[in-house]
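# A look at the structure
Given next are the chains, with one letter for each unit.
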Amino acid sequence: MAATDRPEMDVKEGVDQETVDAVAKLSGKYKYGWETDIEMEYAPKGVNPDIVKLISEKNDEPEWMTEWRLQAFERWETMSEPDWAMVNYPEIDFQDQYYYARPKSMTEKPKSLDEVDPKLLETYNKLGIPLKEQLILAGVEGAEDYKEGERKVAVDAVFDSVSVGTTFQAELKKAGVIFCSISEAIKEHPELVKKYLGSVVPVSDNFYATLNSAVFSDGSFVYVPPGVRCPMELSTYFRINAENTGQFERTLIIADKGSYVSYLEGCTAPQRDTAQLHAAVVEIIIEEDAEVKYSTVQNWFPGDENGKGGIYNFVTKRADCRGARSKVMWTQVETGSAVTWKYPSCILRGDDSQGEFYSIAIANNYQQADTGTKMVHLGKNTKSRIVSKGISAGKAQNTYRGLVSMHPKAKDSRNYTQCDSLLIGSECGAHTVPYIEVKNNSSRVEHEATTSKVDDDQLFYCRQRGMDEEEAVALVVNGFCKDVLQALPMEFAMEAQQLVAISLEGSVG
Amino acid sequence: MALPKVKIDTTEARLNALSLPAAAGWTQTARQDALSRVTEMGLPIKRDEYWRYTDPTALTSVEPVAASVYASENGDVFGSTECLHVVFVDGVFDAEASDELTLDGVTIERLADSQSADIHWAKDLFGALETAGQNPVQRPLATLNTAFATDGLIIRASGKAAKPIHVSYLQTKTDSDAILRHLVQVDAGAEVTLLESGPAAARFNIVTEVSVADTASFHHVRAQGRDHERRAATAIFARLGTESAFKSFTMTANGVMTRNEVVIELTGDDSIAHVAGVCIGAGRDFHHDDTVFITHDAERCESRQVFKKVLRDNATGVFQGKILVKEGAQKTDGYQISQGLLLDDDSNFLAKPELEIYADDVACSHGSTCGAIDETAIYYLRSRGVPKAEATDLLTLAFLAEALDEIDDETIAETLRDRLAIWLERPQG
């Protein structure tokens, strides 16, 4: 939708044109709502063992993988959708979805830029992914020789069901890091995949994770060998393009002893009237002394201002800190999706392991977000920290749901949780549902939560400095989120800050 | 949705063992309605989310689990306060031990007596608040109580009560199973204090419905005794009018299983509701659950929940608290704190402090902490010559103090503070 479709802004007297333009620029509608008109190849609608087999076949998978998927599907058929989250949405017809779609041009790898489907290139251009990376994403052979010497981020882009390309593979290889699509990993590194896939999020974990296990089409795979500090940030870019298509990606990250990796994840989807399904699974295995940072900016299409369309985002993310002194940090900025159901968790198994969770969840219009984390302390002297900032505006509902569990053997462990909610407008809701379970006395758990509205004094201060009300709110909200924004890698922090402003468009006045 | 089989079986077995009173007079309709409701919703089972941390099996079994009778020291918990005494022994009214049920400013009747009539002012109250309290979370044990309550008090305060009403629940049998129901109506401008103490029975299901009219106030202090083995499910349902006040405090020490539910609806502007509790628990059997649900449905209301639990020797303390602020309940001030102090490594503190907020101009906060006693503080006290055990007790009492501050009546607060000190010094024995 073009920016001019924006409802007339109520310009108050004395506000200059520059301010109006600046706010107008910030408050554009969903920026990534366009659709790439590209020829797609679909599997028939619906899900059944044949579709599962077909997906497996399309990915050229070995038999053990097909078997694994079929078992998951069998299990899924016996499960029912969870209903405990504070979200309401019309019943999903799981048979009325496409479970596999990929750009037709990907059937054969293009040899040069000329052969790349220009529409695919255009898509990534629009998404702001640098050209050099576009070449690689488009699968042009030899594209990695384009070197510019700037700060590098290796990207794995997933377009609907398939990974369309991974950048900087060669350079990563030199460092010993494996970064490729999961379908590639299943073929090239079956021993690693076999060992780790499903070891953190078991096949039968929950309804959506089980469905994902059966039908996941692609995703990213990362293996960082012992002692290696990954030379660049790794990033996956997810894009749902095709209509009525569910995206089920699977990410597996293994940080071997003493290694380090920072991983970024971004998501967008076109604007459509019908809701689309996204059910991903992310598994992270962290061995002794290793550290993983996982940052997400989730900006799936949230539905329009009347609550029509949008992505249903049902995601299972879990990190298993297996080794002693291992460390994981989840940072998420959740601004998109019509419905979010997501609880990135940390299993702190290794002694002295650490888990951190920083989250900003913004829900505007008719968005519903039920998100939080689980910190399961199993090892001695484990530490966790949760900072969650929920912002509700319009008619949105925003829930923080979290579990902190100190098991009897997790002596001397520590948790600190802070979850704050901000309400903008009188028709939205902000909810907090923490579970705290302490089973030994040498551990300390602290939980704090507050709910308040945007402070009038702060708004007044900004306004009297000449700021528009909406701008002022964006500034105050950015301040409210500061703790979390600071935890984001630089690339994401800027984007996130702008997203905060954009997501709140139309929430004031 | 169809109920799970285990729930249907449990409910059927329990209901079959009970029978509605033959002549229930004005309570008849409410009782029958409750029976059909409880049949429909089924009794709680361990798998229910609302019973996540407390196993309800002993509360729903056909026969109560046997509970030894201890020489109770509960009788005189409120000894220093002049009260009107009412005594129930194993859930049966003891006329001899009770004072005459007359008190200035208040009328007191017994549920069992009044049922001979077909018309009673309490007809609109009986079961009404319990029914309203079933949404959004079901409380089937309270519904069971509406159907099968055998006795209880019907209290109507029309002025300022001359003195508190003290209800003692004594236990003499190891297998008694009591279901009692109190109804309290506090008229506009009136004030009344209800004190409760004692183990009551091997198994005790008690529900109190309290309607507090505009500008009225209701105070409630409960000492759930020590060294008992009884299992109890208690519930208080309160509805508050404009500028009214509701304050409830519960103290528990040792014993076995207790589930205390408090459900409050603030329906009048500027009303306040305070709910607080302390518990000291020792032993693997000890399981104490405070489940509180406060609904703000009016402007400028204030609610406070303050719960402190001291646990040792495998004891378990549970807190499930919720503040629900409805749309339009602006200027709400909601506060909730739950804290667990674990005196040894085997005890558990399980908490689920919830906020659900649909109004923007509110200040709501909750906090929950759990940990051991501060070693530095102990060290400090020991360095001043205080023996370790005494230092621990001192710090424990300091920890509990915030909750005890919620009691308005200084005399009662002081009595309970002393009692806690004694209970702390001498653990279960």
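Keep in mind it's a predicted model, so treat the numbers as computed, not measured. (Residues numbered from 1 in each chain as written. Chains lettered and ligands numbered in written order. Predicted model: local features only at pLDDT ≥ 70, side-chain atom pairs only at ≥ 80, totals over all residues.)

## Concerning the overall build of chain B
The helix and strand tally for chain B stands at nine helices and 20 strands. Over its C-alpha trace chain B gives a radius of gyration of 21 Å, about what one expects of a compact globule, namely 22 Å for 429 residues. Seen through its principal axes, chain B has C-alpha atoms that stretch 70 × 50 × 50 Å. A total of 429 residues make up chain B; the buried ones form 54% of that total. Here the contacts in chain B between residues at least 6 apart in sequence split such that 86% fall between residues at least 24 apart. (Helix = DSSP H or I, 4+ residues; strand = E, 2+ residues; numbered from the N terminus. Rg over C-alpha atoms; globule rule 2.2 N^0.38 Å. Buried ≥ 20, exposed ≤ 12 C-beta atoms within 10 Å, placed from the backbone. Contact = placed C-beta atoms within 7 Å.)

## Thoughts on the overall build of chain A
Within chain A one finds 13 helices and 24 strands. Within chain A, contacts between residues separated by at least 24 positions form 82% of all contacts whose residues are at least 6 apart in sequence.

## Quick look at the packing of helix H2 (residues 28-41) of chain B against helix H6 (residues 140-148) of chain B
Pairs of packed helices are described in terms of their axes, by the angle between the two and the distance that separates them. All names here are of chain B. Viewed as axis vectors pointing N to C, H2 and H6 meet at an angle of 150°, and their least axial separation amounts to 7 Å. Our classification of the angle between H2 and H6 gives roughly antiparallel. Read as a crossing pair, H2 and H6 show a hand that is left-handed. Seen from H2, the contacting residues are Ala30, Arg31, Ala34, Leu35, Arg37, Val38 and Met41; seen from H6, they are Pro140, Thr143, Leu144, Thr146 and Ala147. When the residues that make up the contact of H2 with H6 are grouped by side-chain class, the tally is eight nonpolar, two polar and two charged. (Axes fitted to C-alpha atoms, helices over the stretch in contact; angles between N-to-C directions. Parallel < 35°, antiparallel > 145°, perpendicular 65-115°, else oblique. Left-handed = near helix turned anticlockwise from the far one by under 90°. Nonpolar A, V, L, I, M, F, W, Y, C, P; charged D, E, K, R; others polar.)

## Regarding the interface of chain A and chain B
Each partner contributes to the interface: chain A provides 30 residues, whereas chain B provides 32 residues. Put simply, the parts of the chain that give the side of chain A that touches chain B at least two residues each are strand S22 (414-424), strand S23 (429-438) and strand S24 (444-453) of chain A. Tallied by class, residues from the side of chain A that touches chain B come to eleven nonpolar, 13 polar and six charged.

## Some remarks on the UniProt feature "domain: SUF system FeS cluster assembly SufBD N-terminal" (unreviewed entry) in chain A
Under the UniProt annotation, "domain: SUF system FeS cluster assembly SufBD N-terminal" (unreviewed entry) lies at residues 174-229 of chain A. Along residues 174-229 of chain A, the helical share is 45% and the strand share 16%, with 12 Å between the first and last C-alpha atoms. (UniProt positions renumbered as here; feature names shortened; annotations may be inferred.)

## Points about unusual backbone geometry
Residue and element names in this part refer to chain B. Cis geometry marks the peptide bond from Asn135 to Pro136, where omega comes out at 5°. Relative to the assigned elements, Pro136 resides in the loop between helix H5 (128-132) and H6. Here the phi dihedral of Asp313 falls at roughly 50°; this positive angle occurs in a residue that is not glycine. Tracing the backbone through its elements, the reader meets Asp313 in the loop between strand S16 (302-312) and strand S17 (316-325). With 16 C-beta atoms counted inside 10 Å, the residue Asp313 sits in the partly exposed group.

## Describing the pairing of strand S16 (residues 345-348) of chain A
All names here are of chain A. Alternating positions in S16 separate into two faces, Ser345 and Ile347 on one and Cys346 and Leu348 on the other, with burial throughout. Here four bridges tie strand S13 (residues 310-321) to S16, and the two strands are oriented parallel to one another. Counterpart to Asp320 in the pairing with S16 is Ile347. Relative to strand S19 (residues 374-377), S16 is paired through four bridges, and the arrangement is parallel. For Ser345, the partnering residue across the bridge sits in S19 and is Lys374. (Pairing = 2+ DSSP bridges.)

## Some remarks on the environment of Ile55(A)
All names here are of chain A. Within the secondary structure, Ile55 is located in helix H2 (residues 49-58). Each C-alpha atom of the pair Ile55 and Pro344 lies 27 Å from the other, and the pair is 289 residues apart in sequence. Setting aside chain neighbours within four positions, we find Ile55 in contact with Ala43, Tyr99, Tyr100, Val215 and Ser217.

## Thoughts on the packing of helix H3 (residues 63-77) of chain A against helix H9 (residues 207-215) of chain A
All names here are of chain A. At a minimum axis distance of 7 Å, the contact between H3 and H9 shows a crossing angle of 145°. The chirality of how H3 crosses H9 is left-handed. Side by side, H3 and H9 meet where Arg69, Ala72, Phe73, Arg75 and Trp76 of the first sit next to Thr210, Leu211, Ser213 and Ala214 of the second. Looking at the contact of H3 with H9 residue by residue, the classes come out as five nonpolar, two polar and two charged.

## Digging into the pairing of strand S21 (residues 397-406) of chain A
All names here are of chain A. Most of S21 sits out of view: eight of its ten residues are buried. The pairing of strand S18 (residues 368-371) with S21 spans four bridges and is parallel. Residue pairing for S21: Ala369 is matched across the bridge by Asn398. Sheet topology note: the S19/S21 ladder contains four bridges and is parallel.

## Remarks on the environment of Gly241(B)
All names here are of chain B. Looking at the element boundaries, Gly241 is found in the loop between strand S11 (231-240) and strand S12 (245-253). For Gly241 and Ala128, which are 113 residues apart along the polypeptide, the C-alpha to C-alpha distance reads 15 Å. Leaving out residues up to four positions away in the same chain, Gly241 has contacts with Val212, Ala213, Asp214, Ala216, Thr267, Gly268 and Ser271.

## Let's talk about the confidence of the model for chain B
Confidence in the prediction of chain B, expressed as mean pLDDT, is 92, and 97% of residues score 70 or more. Across the predicted assembly, pTM comes out at 0.86 and ipTM at 0.86. (pLDDT = per-residue confidence, 0-100.)

## With respect to the confidence of the model for chain A
Residues and elements named next belong to chain A. Of all residues in chain A, 76% attain a pLDDT of 70 or more, and the chain-wide mean is 81. Throughout residues 1-16 the model reports pLDDT below 50, and contacts reaching past four residues in sequence, or to other chains, amount to 13 contacts. Considering only residues more than four positions removed or in separate chains, one finds that residues 22-28, a stretch of pLDDT under 50, has twelve contacts.

## Considerations on the environment of Arg14(B)
Residue and element names in this part refer to chain B. Along the polypeptide, Arg14 turns up in helix H1 (residues 5-16). A sequence separation of 130 residues divides Arg14 from Leu144, and the C-alpha atoms of the two residues are 9.7 Å apart. For Arg14, the residues in contact, after removing those within four places along its chain, are Leu43, Thr60 and Val62.

## Quick word on H9(A)
All names here are of chain A. Counted residue by residue, H9 has eight buried out of nine residues, so it is predominantly covered. Along H9, the residues that are buried comprise Tyr208, Ala209, Thr210, Leu211, Asn212, Ser213, Ala214 and Val215. The elements touched by buried residues of H9 are H2, H3, strand S8 (250-255), strand S11 (281-286) and S13.

## Considerations on helix H8 (residues 388-404) of chain B
In a regular helix each residue adds 1.5 Å, so 17 residues correspond to 24 Å; H8(B) covers 24 Å between its end C-alpha atoms and thus fits that length. Those residues of H8(B) not exposed but buried are Ala391(B), Thr396(B), Leu400(B), Ala403(B) and Leu404(B). (Expected span 1.5 Å × (residues − 1).)

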